[in-house]
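Chain and residue survey
Residues per chain, in single letters:
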Amino acid sequence: MKRLISIILLIALLLLNVAAISATSVEPYYLGVTSASAMLSISRFGQAKSSVTVNLRKPLVSASIDMTLLKYTPSGWEEIASWSENYDTASANSIYLNKVKYVDNGTYKVIATVSVTTTAGTDTLYPDSVSVTYP
């Protein structure tokens, strides 16, 4: 009887472990935002185009985007440029921040802090781009 109870407990623990592992793939639920993404592209002439796009689920009340272009150095990521933009009430489904900066050889990425207030509430997101090496 003890052996049967031990086997049942072992199986239950294994099943609970599997459920906990699959729960890590759950995406966050935002009140008024469906997604936010940061992108970076660098042309063959060194023109770095940094952008942040925020897609809205509900009408916008206000928003702010702080976007930073970083360069990788031996001591870590160093800020090259930063931009901020504030947005007021709008009926658009998306808001954008696009900026251009000429860069030297190196590895770069874009990070952002996005704070959005919609009719559903306030969301704060931290999108970042993949690293891009130039040339």
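Scroll up to find the structure this text is about.
Here we summarise the structure given alongside this text. Position numbers for residues start from 1 in each chain and track the written sequence from start to end. Side-chain atom pairs in this predicted model are given and counted only at pLDDT of 80 or more, local residue features only at pLDDT of at least 70, and totals for whole chains, interfaces and linings cover all residues. To get the side-chain values, all heavy atoms of the structure are used, and hydrogens and water are removed first.

Let's talk about unusual backbone geometry
Rules: Secondary structure elements follow DSSP: runs of H or I of four or more residues count as helices, runs of E of two or more count as strands, with numbering from the N terminus.
Y134 connects to P135 through a cis peptide bond whose omega is 0°. You can see P135 is positioned in the segment after β8 (132-134).

As for the sheet that holds strand β1 (residues 33-42)
Quick reminder of the rule: Note on pairing: two strands pair once DSSP finds at least 2 bridges between them. Only the contacting stretch of a helix is used when fitting its axis, a line to C-alpha atoms as for every element, and angles between N-to-C directions run 0 to 180 degrees.
One open sheet holds the three strands; their spatial order is β1-β2-β5, and the pairing between them is antiparallel. In this open sheet, the two strands that pair with only one neighbour each are β1 and β5 (94-102). Recorded for the sheet is a direction-independent mean angle of 10° between the axes of neighbouring strands. The sheet contact formed by strand β2 (residues 47-56) and β5 spans nine bridges and is antiparallel. When the bridges of β5 are listed, N55 appears paired with S94.

As for a nonpolar patch on the surface
Note the cut-off: Exposure above 30% relative accessible area and the lack of any salt bridge qualify a residue for a patch; like charges then connect within 9 Å, and the nonpolar side chains Val, Leu, Ile, Met, Phe, Trp and Tyr within 5 Å. Accessible areas in this description were obtained via Shrake-Rupley with a 1.4 Å probe; residue shielding takes into account the shown protein chains only. One side-chain nitrogen of Lys or Arg within 4 Å of one carboxyl oxygen of Asp or Glu is enough to make a salt bridge.
A surface patch of nonpolar side chains, about 560 Å² in accessible area, is lined by M1, L4, I5, I8 and L9. Here L4 lies in helix α1 (residues 2-22).

Focus: the side chain of T68
Rule in force here: Throughout this description, buried means an accessible area under 20% of the type-specific maximum (1.4 Å probe, protein chains only), exposed means over 50%, and partly exposed covers the range between. It only takes one pair of heavy atoms within 4.5 Å for two residues to be counted as in contact.
One can find T68 in strand β3 (residues 60-73). We classify T68 as buried; its relative accessible area is 16%. The contacts of T68, once residues within four sequence positions are left out, are E79, A81, S82, K109, V110 and I111.

Notes on the packing of aromatic side chains
To describe a pair of aromatic rings, you give the distance between the ring centres and the angle between the ring planes. To keep it simple, the criterion reads: In this analysis, rings of Phe, Tyr and Trp, with Trp reduced to its six-membered ring, are considered paired at centre separations within 6.5 Å, and the interplanar angle assigns stacked below 30 degrees, edge-to-face beyond 60, and tilted for intermediate values.
A complete count under the given rule lists one aromatic pair for this structure. Look at Y72 and W77: their rings are 5.2 Å apart centre to centre, the planes differ by 70°, and that puts the pair in the edge-to-face class. On the accessibility criterion, Y72 (46% relative accessible area) is partly exposed.

Section: the side chain of S94
Basically, it comes down to this: As used in this structure description, the phrase polar contact means that two N or O atoms lie within 3.5 Å; if the pair is within protein, one of them must be able to donate a hydrogen and the other to accept it, and residues adjacent in sequence are counted only when both atoms belong to side chains.
As for its position among the elements, S94 is in strand β5. Here S94 falls in the buried class, since its relative accessible area comes to 16%. There is a polar contact of 2.7 Å between the side chain of S94 and the side chain of N55. Leave out the neighbours within four places in its chain, and S94 touches V54 and N55.

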